[in-house]
Amino acid sequence: QVQFVESGGGLVQPGGSLRLSCAASGFFFRGLNMGWYRQAPGKQRELVASISSASSTNYENSVKGRFTISRDNVKKMLYLQMNSLKPDDTAVYYCNLIINQNSWGQGTQVTVSS
């Protein structure tokens, strides 16, 4: 019953911005660390950003200074603000738990292209 519903993806030009949202349900959201993952065709899924239950954050080097992860424990929502987007950011973006990833949502497609 753990569920994630990602939204907010789309087509943007290099240098543009996008804000992704994830609605989580089926678990004690406020007590668990969360992350945003991404996967491009032919590439392994990677953890891009994480946020603890106390809202401390960590980022993959390639997105540091450009992406910001945040959470709303009341609404059980996870967000990823993406600025200064690059073509290499093109991927399907997913949200999930850090402790395990037993199931995945559909993800949301982010395409950065001119």
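Residues numbered from 1 in each chain as written. Predicted model: local features only at pLDDT ≥ 70, side-chain atom pairs only at ≥ 80, totals over all residues. Heavy atoms only, no water.

Draft legend 1. Structural context of the sheet that holds strand β1 (residues 3–7). Strand order in this open sheet of 4 strands is β1-β3-β8-β7, and the pairing throughout is antiparallel. A single partner strand is all that each edge strand has here, and the edge strands are β1 and β7 (67–72). With direction set aside, neighbouring strand axes in the sheet form an average angle of 15°. When strand β3 (residues 18–25) meets strand β8 (residues 77–82), the two strands line up antiparallel, connected through 6 bridges. Among the inter-strand pairings, Leu18 is bridged to a residue of β8, identified as Met82. (Pairing = 2+ DSSP bridges. Helix = DSSP H or I, 4+ residues; strand = E, 2+ residues; numbered from the N terminus. Axes fitted to C-alpha atoms, helices over the stretch in contact; angles between N-to-C directions.)

Draft legend 2. Molecular detail of unusual backbone geometry. The residue Ser55 is not glycine, and still its phi comes out positive at about 75°. On the secondary structure map, Ser55 appears in the loop between β5 (46–51) and β6 (57–59). Accessibility expressed as a relative area gives 39% for Ser55, which makes it partly exposed. Phi at Lys76 is positive, roughly 55°, even though this residue is not glycine. Within the fold, Lys76 resides in the loop between β7 and β8. (Buried < 20%, exposed > 50% of the residue type's maximum accessible area, 1.4 Å probe, protein only.)

Scope: geometric values only; no functional claims are made or implied.
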